[in-house]
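# Structural description and commentary
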Amino acid sequence: MADSTEKIKVLVLGDSGVGKTTLVNLVSNTNSKPSWTVGCNVEVIYHESREYSEFIEMWDVGGSLVHENSRALFLRGCIYHGLILVHDLTNSKSYTNMIRWALEFAQHGEKSKRLSREAEIGLLQGIDIPKLIVGTKQDFLWSRSRYTTDRTGLIGDLNAQLISVNCLDHLQYKNSYQQQQIANFFDQVIKHKKNASNRFNRPFRSTTESPAPSTSRYFSSLDLGFSF
Ligand SMILES: Nc1nc2c(ncn2[C@@H]2O[C@H](COP(=O)(O)OP(=O)(O)O)[C@@H](O)[C@H]2O)c(=O)[nH]1
Ligand SMILES: [Mg+2]
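The following refers to the structure shown. Predicted model, so just to flag it, every value in this text is computed and none were measured.

Let's shift gears to unusual backbone geometry. Backbone geometry at His108 places phi at a positive 55°, although glycine is not the residue there. Classification of His108 as exposed rests on a count of 11 C-beta atoms within 10 Å. Within the chain, Lys137 stands out as a residue other than glycine whose phi angle is a positive 65°. You can see Lys137 is positioned in the loop between strand S6 (131–136) and helix H5 (154–158). Given 22 C-beta atoms within a 10 Å radius, Lys137 is considered buried.

With that out of the way, let us pick up the site of ligand 1. Among the 18 residues in the neighbourhood of ligand 1, the closest are listed as Gly19, Lys20, Thr21, Thr22 and Cys167. Ranked by residues supplied to the shell around ligand 1, first place goes to helix H1 (residues 20–27) with three residues. Each residue belonging to the shell around ligand 1 can be placed in one class, and the counts come to five nonpolar, ten polar and three charged.

A word on the pairing of strand S4 (residues 53–61). Where strand S1 (residues 8–14) meets S4, five bridges bridge the pair, whose relative direction is parallel. Residue pairing for S4: Ile8 is matched across the bridge by Ile56. With antiparallel pairing between neighbouring strands as the criterion, strand S3 (residues 40–48) and S4 make up a hairpin whose turn holds four residues.

Here we come to the nonpolar core. Among the nonpolar cores identified, the biggest contains 44 residues, and Val10, Leu11, Val12 and Leu85 are the most heavily contacted of them. In terms of residue count, helix H3 (residues 92–106) provides more of this core than any other element does, six residues in total. What Leu11 contacts, discounting residues up to four positions off in sequence, is Trp59, Val61, Tyr80, Leu83 and Phe105.

This part is about H1. Counting buried residues in H1 gives eight out of eight residues, a clear majority hidden from the surface. Residues of H1 that are buried include every one of Lys20, Thr21, Thr22, Leu23, Val24, Asn25, Leu26 and Val27, and no others. Looking one or two places after H1, you find Asn29, whose phi comes out positive at around 60°.

Contact geometry of H3 with helix H4 (residues 117–125) gives a least axis separation of 9 Å together with a crossing angle of 70°. Classified by the angle their axes make, H3 and H4 are roughly perpendicular. For the pair H3 and H4, the contacting residues are Ala102, Leu103 and Ala106 in the first and Glu120, Leu123 and Leu124 in the second.

With that out of the way, let us pick up the pairing of S6. Burial analysis of S6 places six of its six residues in the buried class, the great majority of the element. Of the two faces of S6, the one holding Lys131, Ile133 and Gly135 and the one holding Leu132, Val134 and Thr136 are both buried throughout. Examined bridge by bridge, strand S5 (residues 82–88) and S6 share six bridges and lie parallel to one another. For Val86, the partnering residue across the bridge sits in S6 and is Val134. Across four bridges, S6 lies against strand S7 (residues 161–164) in parallel orientation. Within S7, the residue paired with Leu132 across the bridge is Gln161.

Criteria and cut-off values
- Residues numbered from 1 in each chain as written.
- Chains lettered and ligands numbered in written order.
- Predicted model: local features only at pLDDT ≥ 70, side-chain atom pairs only at ≥ 80, totals over all residues.
- Buried ≥ 20, exposed ≤ 12 C-beta atoms within 10 Å, placed from the backbone.
- Helix = DSSP H or I, 4+ residues; strand = E, 2+ residues; numbered from the N terminus.
- Near = placed C-beta within 6 Å.
- Nonpolar A, V, L, I, M, F, W, Y, C, P; charged D, E, K, R; others polar.
- Pairing = 2+ DSSP bridges.
- Core = buried A, V, L, I, M, F, W, Y, C linked by C-beta atoms within 7 Å.
- Contact = placed C-beta atoms within 7 Å.
- Axes fitted to C-alpha atoms, helices over the stretch in contact; angles between N-to-C directions.
- Parallel < 35°, antiparallel > 145°, perpendicular 65-115°, else oblique.

Below, the structure written as structure tokens:
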């Protein structure tokens, strides 16, 4: 049962090396160089918008196949309120693999079984939380050919927003369209969680009434994995 006092959690998934940790560092305004994520890193950000002021946990789960078993623990054991799927704009495989990640999420970390297309569509459409697709390494688009993103296939069934970003440029990100889109996504995540809590008649805590610009600030970091 949903619990309104439960922390707001956003899960970040995608292939190893696409830039998940760098993206989380960008959003949380952390400048540390990412080491290889083994297990899970959690960054707590303070999100402030016209509607909400809330702490949000960003769960960055290692994308390597080698760590499938430990990842299953994080997918099975937690309730997430938002999902960010990350792909590298210079690597088309990472784009199609997002379907694999979404299916793994929908199946709570179960290893992928062979499923019919209908079953896959059902699982993707059943992911009942706000979703955001982020294409990283936008700065490489001029030097390397970008693949064409196809929104008509299974990716379309995810019904997610889609943005591209250069995760290394913190200055460019500040007050950018991308920052605004991510802030809007966090608003949706909070709204969705509060609505889910209300459905169970849990107390609803209203947040700031005065208009404030949408920002998401770094608050603290909790490392649940091992980095080397
Ligand atoms: N040029 C560029 N490099 C990036 C970008 N995002 C990530 N990287 C680099 O890609 C590599 C892998 O990033 P990392 O965050 O560790 O990937 P993860 O395995 O998905 O967590 C690192 O060397 C990052 O500096 C980006 O937007 N532009
Ligand atoms: Mg990482």
